[in-house]
Amino acid sequence: MKDTSMTKNIKISANNIDVYYGDKHAIKDVSVQIEDKTVTAFIGPSGCGKSTFLRCINRMNDTIDIARVTGHIAIDGEDIYDPRVDPVQLRAKVGMVFQKPNPFPKSIYDNVAYGPKIHGLSRNKAELDEIVEKSLRRGALWEEVKDRLHEPGTGLSGGQQQRLCIARAVATEPEVLLMDEPCSALDPIATAQVEELIDELRQSFSVVIVTHSMQQAARVSQKTAFFHLGNMVEYDETDKIFTNPEDPRTESYISGRIG
Amino acid sequence: MSLTLPLLFIAALSVGGFFIARSRAQSAAGGDIRKLASLPRQHGLNTALSTAIPALFAILAWLFAARLLSYRETAPIWVPLAIIVIATLGFILSVMRVSVTFRARTAAEGWIRSLLIGASVIAILTTVGIVFSMLFESINFFSQYRWQDFFFSTNWSPNFRGNSDLGILPLLWGTLYISVIALIFAVPIGLFAAVYLSEYASRRTRSVFKPLIEILAGIPTIVYGLFALVTVGPFLRDYLAQPTGFGDSASSVMTAGLVMGIMLIPFVSSLSDDIINAVPQSLRDGSLGLGSTHSETIRQVVLPAALPGIVGAILLAASRAIGETMIVVLGAGAAARLDLNPFEAMTTVTVKIVSQLTGDTDFASPETLVAFALGLTLFVITLALNVLALYIVRRYREQYE
């Protein structure tokens, strides 16, 4: 590990992770230490396993029948694949934002209030209102929707929907926020808004973002991991990956020769 | 002269026209097919359709006119002749038009479109025809019987010597009572089965369970009726109605409602299953990703998203229940009665339509004509339910497209 990582806390520690989809070996012996209050980007060509690996961190792969995960992932030192760990509670701690904005067919308010209601984070309506407002503010959406909180979330524009999904994930007070290509369905303006938001969220969470766009990884992240064909090829400071990568495959990818 | 001969003539000329026009097009091209504006087979198709379609429409028009004019004998000789002339004209004109520049594809597509329009017009006209035939007989009925008595009298006692009480209320009551009981059985069972099949069952279990449930939909209703008569009716009487003092009738609203409920289970479960499956996986992922359990996800995200579609499915099942006859005849009996006791025999509108029209009847007395008024009332009720169901289902579709 680099010097900087020694000074920061390791939030997520993944060791020797293998993932199989049926017979397909999707992730091959990946180990990575993710720091707290940092944006970590996973980059790599399509099908390299970066999203699969992301979904290991909140055990979303459990919902796919044929997926099998081996290895150890610990958050704050606790093994999340321990049989005593309830994946449902884990996912409350590890929020996720998906590739396509997926607001529930409910009002904007109910979308954000969904998680807090399920986890009983508020004792009364006033507290819930407060959580919803705070989350929408952190999602940089409050000013745009404060007058129409009870209109359906599906009526918002694509960029607003994605920020609503981020606000929804933030509302459950997670410790880690996983983002699976959060900007791939958005236009450049909405992308810029979401990226700005990611940078702010770094104050409170450890953010892991999967992205197709190397420019995006360079803009938002402090650490970058490069995945290729199910292997993690290189993991280092973002600046170093983009200016002086050690592995020739990384260099080919960032200079546009492969992928 | 019958119309068989012209029909054969049209078929022969049409098939022959296809090959003639095709070879004419080929020779017009002079070996280089790319000179043609349309392919040879499109010229052939155009000729075949130009020959057949106007002649077939002419036959339909004659049949319709003959019916309107109450012309009951076979068609006079000029009719088949005229049809043959129309077919021949279509044949000659289209064969003459075969040339290098003629766009036969456009013309043939025009004919095909007229065929499609014709098919949908026939479907609509049939519906209109059914409604009108009911409407005329109903008007006939109301000229002999006061509509206030029909709609608001609580007494149904037809008497073929005249002077009957023909109030629809006991029949409507029976219909609604039985349908509601059927839905009370069918909706929870069907819905829970659908939730299990679409959300919990493995692919393999689903592939076994779904067809098994759908077998229920393939059973003829008369077989359900026998089941009600022989098994469910006596069972309910011996173990529920008699011990609790509700009565000792084997035919009862409960029997018919229960069996009809079983009949409706596959409707509700199959439609709801499709609708629940149409809820995007991304919504489930979103909910699970926020740390909600599988059942919270189903209750708070999947079912609300699918609700309009499920309501549509239930309303479709309801209109099935309202129109059902055989199960009621065998399960609930034929006695018109306004009663709250679910273990009492009652009957429905459809059963009474059948009984008013069976036997030696003339179509002039209010006792038989009432059947049409009953049918029309029922039609209006189920139509309203279907329109409501379609409206709700459509609103649901707009949400995800």
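Residues numbered from 1 in each chain as written. Chains lettered and ligands numbered in written order. Predicted model: local features only at pLDDT ≥ 70, side-chain atom pairs only at ≥ 80, totals over all residues. Heavy atoms only, no water.

Q: Just give me the short version of the interface of chain A and chain B, but keep the residues and values in it.
A: Contacts between the two partners involve 21 residues from chain A and, on the opposite side, 18 residues from chain B. Across the chain A/chain B interface, buried area totals approximately 1600 Å², and carbon plus sulfur atoms make up 64% of it. The largest contributions to the chain A side of the interface with chain B come from Pro105(A), Tyr114(A) and Ile118(A), which together make up 31% of the buried area. In this structure, the connection of chain A to chain B is made through 0 salt bridges. Residue assignment for the side of chain A that touches chain B shows that the elements contributing at least two residues are helix 3 (87–93), strand 6 (94–97), helix 4 (108–118) and helix 7 (158–171) of chain A. Looking at the side of chain A that touches chain B residue by residue, the classes come out as 12 nonpolar, 5 polar and 4 charged. (Contact = heavy atoms within 4.5 Å. Buried area = accessible area lost by both parts, 1.4 Å probe. Salt bridge = Lys/Arg side-chain N within 4 Å of Asp/Glu carboxyl O. Helix = DSSP H or I, 4+ residues; strand = E, 2+ residues; numbered from the N terminus. Nonpolar A, V, L, I, M, F, W, Y, C, P; charged D, E, K, R; others polar.)

Q: Explain the sheet that holds strand 1 (residues 10–21) of chain A to me, and be specific about the residues and the numbers.
A: Residue and element names in this part refer to chain A. With antiparallel pairing, the 4 strands of this open sheet are ordered in space as 2-1-4-5. The strands lining the two open edges of the sheet, one partner per strand, are strand 2 (24–35) and strand 5 (78–79). As defined by bridge partners, strand 4 (residues 67–75) adjoins strand 5 across 2 bridges and the pair is classed as antiparallel. Its bridge partner being in strand 5, Ala 74 is matched across the sheet by Asp 79. Helix 2 (residues 50–57) contacts strand 1, strand 2 and strand 4 of the sheet and is inclined by roughly 120° relative to strand 1. (Pairing = 2+ DSSP bridges. Axes fitted to C-alpha atoms, helices over the stretch in contact; angles between N-to-C directions.)

Q: Which residues make up the side chain of Thr52(A), and what values do they have?
A: All names here are of chain A. Relative to the elements of secondary structure, Thr 52 occurs in helix 2. Take Thr 52: its relative accessible area is 10%, and that puts it in the buried class. Among all residues touching Thr 52, those that are not within four sequence positions of it are Val 19, Tyr 21, Ala 26, Ile 27 and Asn 61. (Buried < 20%, exposed > 50% of the residue type's maximum accessible area, 1.4 Å probe, protein only.)

Q: Got a sec to walk through the domain arrangement of chain B? Specific residues and values, please.
A: Residues and elements named next belong to chain B. Domain assignment breaks chain B into domain 1 (4–140) and domain 2 (156–400). In this complex, domain 1 contributes 6 residues to the contact, which on the side of domain 2 involves 6 residues. Taken over both partners, the interface formed by domain 1 and domain 2 buries close to 620 Å², and the fraction arising from carbon and sulfur atoms is 81%. Broken down residue by residue, the surface that domain 1 buries against domain 2 is led by Met 134, Glu 137 and Ser 138, which jointly contribute 68%. Remark: the boundary between domain 1 and domain 2 carries 0 salt bridges. Summed over the shared surface of domain 1 and domain 2, the result is 1 residue pair in polar contact (both at pLDDT 80 or more). (Domains from an automatic or database assignment. Polar contact = N/O pair within 3.5 Å; in protein donor to acceptor, adjacent residues only side chain to side chain.)

Q: Explain the pairing of strand 8 (residues 206–210) of chain A residue by residue, including any values.
A: Residues and elements named next belong to chain A. For strand 8, a buried count of 5 out of 5 residues is recorded, marking the element as mostly surrounded by other parts of the structure. Of the two faces of strand 8, both are covered, the one formed by Ser 206, Val 208 and Val 210 as well as the one formed by Val 207 and Ile 209. Looking at chain direction, strand 3 (residues 39–43) and strand 8 are connected through 4 bridges and run parallel. The residue of strand 8 that forms the bridge with Phe 42 is Val 210. One ladder, built from 5 bridges, connects strand 7 (residues 176–180) with strand 8; its direction is parallel. If you follow Val 176 over to strand 8, its bridge partner there is Ser 206.

Q: Give me the nonpolar core: which residues, what numbers.
A: Within the largest apolar cluster, 54 residues are counted, with the highest numbers of intra-cluster contacts made by Phe141(B), Phe150(B), Met260(B), Leu264(B) and Leu374(B). Top element by residues in this core is helix 14 (residues 366–400) of chain B. It accounts for 11 residues. With residues up to four places along the chain from it excluded, the contact list for Phe141(B) reads Phe150(B), Leu166(B), Pro366(B), Leu369(B), Val370(B) and Ala373(B). With 42 residues, the next largest nonpolar core counts Ile118(A), Val207(A), Phe226(A) and Ile298(B) among its residues. (Core = buried A, V, L, I, M, F, W, Y, C linked by side-chain atoms within 4.5 Å.)

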